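# Topology and contacts: notes
Residue strings, one per chain:
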Amino acid sequence: MFKMLPETGTRGFAAAVGFRFGADSRGTRGGLPKSRHFLNKKRRRFPAKMNTLQQLNPKIEMNRNLLRGSLLGTGACLATALPAVAAGNGERPNILFIVADDLGWGDVSYHGSVIPTPNIDALAARGIEMNRFYTAPVSSPTRAGLMTGRYPSRFGIRKTVIPPWRDYGLDPEEQTLADMLAANGYAHRAIVGKWHLGHGRRAYYPLNRGFTHFYGCLNGALDYFTHEREGELDWHNDWESCRDEGYSTDLIADEAVRCIGEYAPEGPFFLYVAFNAPHTPFQAPEDEIAEHISPEKFAALTPREKDAYTYRAMVTRMDKGVGRILEKLEKSGQLENTLVLFMSDNGGIPNLPGGSSCAPLRGHKGREWDGGVRVPAVLCWKGRFAAGVRSEQLAAFVDMAPTIAALVGAGEPPRPYDGVNLLPVLTGKTASFPRDLYLGCGAAVSGDYKLILKGGNRAMQLKGDYLVCYPEDPYEAQNRIEEHAAEAERLRRYIIRYDTIRPAHPELPYGQGKEGFKAPAEWRVTKP
């Protein structure tokens, strides 16, 4: 179902706050001394023009509250607010995915964060805030499901990420979203940022998975300034090593802006922007940290307190990148012809007070509690989807491929999707529909319930199977399995269907193969 937010329309929150896409909260304070949180390396400077965000004022807090509460109406309001849009009529809009890395539920200001995210907030005000959007609890499984529309347990990417020492990746037989769009008239299909779906063989490389351009890194958790992982450069431009200097968040945004400028005149494009922020290591440009705390006060903090402020700077720097990308889209005249998704790949990290937050949700990254798998997400298509509404429809990472396939009229995939087509809800043809969603590792969620089986994820240390009843307990504080035994049994049978899948390539523990591993020079991929 949908709930209308106040100040709907294409401007909404952005206009009330006093900024447009590209808003920048950059301050004027000077640099900081060297520390492990940032490196004083020579950084490539770009001529990208950025707007200046006006001084934050009480309107921002007022509108945060408006975005969180004072909701009006239901799905009927959405249906009357939208122009007629046919679901699956073979349209060819541009597709822009923007994915953050480890951004927690409470790390955007429209969820009440202390971290200002004006550009992400503006996108939420222009689009549909997906209030119940679920992912896997860690990176690689989410990215695999996002690209295929299928549960990652089917191809051995479920419990953990693909580490640097692993010689496997996303099954080459799986059709990716880029493959599907290639067959449906999308000449330009670029991934800019973090891949994390296989690096050991050329068969896993983005350019062999349907993409025509790749700029960024193959692994996760690389150094933001040196662009190294395991001591080797992991920054690439198509097949070649890339030595562009700068903060990786800035480089990713710059390349995305460049791609939009090149692709916009030439027909529909697919641009997948996968920021590695705000994932560890905690590193940010010194000027960005100085916007959150003075150099003198920062120097007096404990190491963990410095991490928290650095994390804030990582998020605001990414938000500025999001703003520049959307501003370029707007200036190119393509905003009304582009479906935009913003999401995080999983929940935020634990134990960083004043930095990452999943509040008020329970849990964090790596767990099937909502704090680990329910993420900030927005879908926006100006003039086609409603603006300034919040959807309570249960939605997920595996839904994006079938939704896009239905939009462009792609027909049935070679292997059936596990996700569902969200267009009937997004276009207002229906308020909502019931469904079950497998979360992996012995967990599933439905409209009103979630079941987590004991032992599915041992890190959760459950004493028994755990049933959440959201209408009675929205923050998963109490086990309701005795009161709702029939629903628990139904979900148990559903989970077992997917937990018992045996992929062709067995999943290995994260640390297996790490001892004695030496990264290939500049992460060049030579195996077929």
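Note that the structure is predicted; figures quoted are calculated from it, not measured.

The rules behind these values
Residues numbered from 1 in each chain as written. Predicted model: local features only at pLDDT ≥ 70, side-chain atom pairs only at ≥ 80, totals over all residues. Heavy atoms only, no water. Phe/Tyr/Trp six-rings, centres within 6.5 Å; stacked < 30°, edge-to-face > 60°. Helix = DSSP H or I, 4+ residues; strand = E, 2+ residues; numbered from the N terminus. Buried < 20%, exposed > 50% of the residue type's maximum accessible area, 1.4 Å probe, protein only. Lys NZ or Arg CZ within 6 Å of the ring centre and 35° of its normal. Pairing = 2+ DSSP bridges. Contact = heavy atoms within 4.5 Å. Axes fitted to C-alpha atoms, helices over the stretch in contact; angles between N-to-C directions. Core = buried A, V, L, I, M, F, W, Y, C linked by side-chain atoms within 4.5 Å. Expected span 1.5 Å × (residues − 1). Arc of directions from axis to C-beta. Polar contact = N/O pair within 3.5 Å; in protein donor to acceptor, adjacent residues only side chain to side chain.

## Here we look at the packing of aromatic side chains
By the definition in use, this model includes 20 aromatic pairs. Arranged with centres 4.2 Å apart and planes meeting at 10 degrees, the rings of Tyr205 and Trp239 form a pair that is stacked. Taken as a pair, Tyr205 in the loop between strand E5 (188-194) and strand E6 (213-217) and Trp239 in the loop between strand E9 (236-237) and strand E10 (240-241) lie far apart in primary sequence, 34 residues in all. Using a relative accessible area of 2% as the deciding quantity, one classes Tyr205 as buried. On the accessibility criterion, Trp239 (33% relative accessible area) is partly exposed. An aromatic cluster of at least three residues, connected via ring pairs, comprises Phe97, Trp195, Phe211, Phe270 and Tyr272. Over the ring of Trp105 we find Arg374, and its NZ or CZ is 4.6 Å from the ring centre.

## Focus on the sheet that holds strand E17 (residues 443-445)
Spatially, E16-E17-E18-E19 is the arrangement adopted by the 4 strands of the open sheet, whose pairing is antiparallel. Of all the strands in the sheet, the pair left with one neighbour each is strand E16 (437-438) and strand E19 (466-469). When strand E18 (residues 449-452) meets E19, the two strands line up antiparallel, connected through 4 bridges. The residue of E19 that forms the bridge with Lys450 is Val468. Against the sheet, helix H14 (residues 485-499) touches E16, E17, E18 and E19, its axis set at about 55 degrees to E18.

## With respect to helix H4 (residues 118-126)
Counting buried positions along H4 yields 9 of 9 residues, so the element is predominantly enclosed. Here H4 has its buried residues at Pro118, Asn119, Ile120, Asp121, Ala122, Leu123, Ala124, Ala125 and Arg126.

## Quick look at the nonpolar core
Side chains of a nonpolar character, in soluble globular proteins, are inclined to be buried together. Counting residues in each nonpolar core, the largest one holds 85 residues, and the members touching the most others are Phe97, Leu146, Leu181, Phe270, Tyr272, Ile404 and Leu437. At 6 residues, helix H12 (residues 400-408) tops the list of elements feeding residues into this core. Non-local contacts of Ile404, meaning those with residues more than four positions away in its chain, are made with Ile95, Phe97, Leu177, Met180, Leu181 and Leu339. Counting residues in each nonpolar core, the second largest holds 57 residues, with Ile115, Ile260, Phe282 and Val315 among its members.

## Some details on H14
The end-to-end C-alpha separation of H14 is 20 Å, in line with the 21 Å expected for 15 residues at 1.5 Å each. Of the positions making up H14, those classed as buried are Glu487, Ala488, Leu491, Tyr494, Ile495, Tyr498 and Asp499. End-on, the buried residues of H14 take up no more than an arc of 135 degrees, which puts them together on one face. Those residues of H14 that are exposed and angled more than 90 degrees off the buried face are Ala486, Arg493 and Arg497. Its buried side turned inward, H14 meets E16, E17, E18 and E19.

## Focus on the environment of Ser332
Mapped onto the secondary structure, Ser332 falls in the loop between helix H10 (303-331) and strand E12 (338-344). In sequence terms Ser332 and Tyr263 are 69 residues apart; their C-alpha atoms lie 9.9 Å from each other. With residues near it in sequence (within four places) discarded, Ser332 still touches Ile260 and Ala264. One polar contact links the side chain of Ser332 to the main-chain carbonyl oxygen of Leu329, over a distance of 2.8 Å.

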